[in-house]
Amino acid sequence: VQLVESGGGLVQPGGSLRLSCAASGFPFSMYAMNWYRQAPGKARELVAEINSAGGSTNYADSVKGRFTISRDNGKNTAYLQMNSLKPEDTAVYYCNAHRLIWDYWGQGTQVTVTS
């Protein structure tokens, strides 16, 4: 099982990034996909979630209207489009696959928002 995040980096406030999470080794289309983030000294928090078919999404209040989660089951990939980034969005972003008792995690990708 592998979840590999990419797309993180350094961006100025107001900028955009698109994170990708490439999955392998499990039936991707059967799993809900989530993006979490963890800032230094803070607990990991759920940022966005999408159901297995991609028809239902939920967001943390702090990112609603700015972030969009999506998935392509044909490519076994989940995405997080992040717009209007703020310094408080700085964190390590983790991809998570969840179904029943199964949970898989990626290694994380750093997002830093600074001028």
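Residues numbered from 1 in each chain as written. Predicted model: local features only at pLDDT ≥ 70, side-chain atom pairs only at ≥ 80, totals over all residues. Heavy atoms only, no water.

**A word on the overall build of the chain**
Reasoning step 1: Along the chain, the regular secondary structure elements total zero helices and eleven strands.
Reasoning step 2: The globule rule puts the C-alpha radius of gyration for 115 residues at 13 Å, and the 13 Å found for the chain is close to it.
Reasoning step 3: Considered along the principal axes of its C-alpha atoms, the chain spans approximately 40 × 25 × 25 Å.
Reasoning step 4: Long-range pairs, those at least 24 residues apart, make up 52% of the contacts in the chain with a sequence separation of at least 6.
Reasoning step 5: One way to put it: in the chain the 10 positive side-chain charges average out to a point 3 Å from where the 8 negative ones average out. (Helix = DSSP H or I, 4+ residues; strand = E, 2+ residues; numbered from the N terminus. Rg over C-alpha atoms; globule rule 2.2 N^0.38 Å. Contact = heavy atoms within 4.5 Å. Lys, Arg positive; Asp, Glu negative; His and termini not counted. Charge placed at Lys NZ, Arg CZ, Asp CG, Glu CD.)

**Here's the deal with the sheet that holds strand E3 (residues 17-24)**
Reasoning step 1: Spatially, the four strands line up as an open sheet ordered E1-E3-E8-E7, and their pairing is antiparallel. Of all strands in the sheet, those bounded by a partner on one side alone are strand E1 (2-6) and strand E7 (67-72). Averaged over all pairs of adjacent strands, the angle between their axes in this sheet comes to 15 degrees, without regard to strand direction. (Pairing = 2+ DSSP bridges. Axes fitted to C-alpha atoms, helices over the stretch in contact; angles between N-to-C directions.)

**Section: the environment of tryptophan 102**
Reasoning step 1: Relative to the helices and strands, tryptophan 102 is located in strand E10 (residues 102-105).
Reasoning step 2: Measuring from C-alpha to C-alpha, the distance between tryptophan 102 and methionine 30 comes to 11 Å, with 72 residues separating the pair along the chain.
Reasoning step 3: Other than its neighbours up to four places away in sequence, tryptophan 102 contacts Tyr31 and Ala97.

**A closer look at the pattern of salt bridges**
Reasoning step 1: In the structure shown here, the tally under the stated rule is four salt bridges.
Reasoning step 2: Between lysine 64 and aspartate 61 there is a salt bridge, with the nearest N and O atoms lying 3.2 Å from each other.
Reasoning step 3: Counted as one network, the salt bridges with shared partners bring together Arg37, Glu45, Arg66 and Asp89. (Salt bridge = Lys/Arg side-chain N within 4 Å of Asp/Glu carboxyl O.)

**Some thoughts on the pairing of strand E5 (residues 45-50)**
The two faces of the sheet receive side chains in turn, since in a regular strand these alternate between them.
Reasoning step 1: Across five bridges, strand E4 (residues 32-38) lies against E5 in antiparallel orientation. By the bridge assignment for E5, tryptophan 35 is matched with alanine 48.
Reasoning step 2: As consecutive antiparallel partners, E4 and E5 are separated by six residues, and within that stretch glycine 41 has a phi angle of approximately 75 degrees, a positive value.
Reasoning step 3: As judged from the three bridges shared by E5 and strand E6 (residues 57-59), these two strands associate in the antiparallel manner.

**Quick word on the side chain of asparagine 34**
Reasoning step 1: Here asparagine 34 shows up in strand E4.
Reasoning step 2: Setting aside residues up to four positions removed in sequence, asparagine 34 forms contacts with Leu46, Ala48, Glu49, Ile50, Tyr94, Cys95, Asn96 and His98.

**A short note on the state of the cysteines**
Reasoning step 1: One pass over the structure, following the stated rule, counts one disulfide.
Reasoning step 2: The disulfide bridge from cysteine 21 ends at cysteine 95, spanning 1.9 Å between sulfur atoms. Disulfide cysteine 21-cysteine 95: torsion about the S-S bond near -75 degrees, hence left-handed. Highlighted residues: cysteine 21 in strand E3 and cysteine 95 in strand E9 (residues 91-99), separated in sequence by 74 residues.
Reasoning step 3: Taking relative accessible area as the criterion, cysteine 21 reaches 0% and is therefore assigned buried.
Reasoning step 4: By relative accessible area, which is 0% here, cysteine 95 ends up buried. (Disulfide = S-S within 2.5 Å. Buried < 20%, exposed > 50% of the residue type's maximum accessible area, 1.4 Å probe, protein only.)

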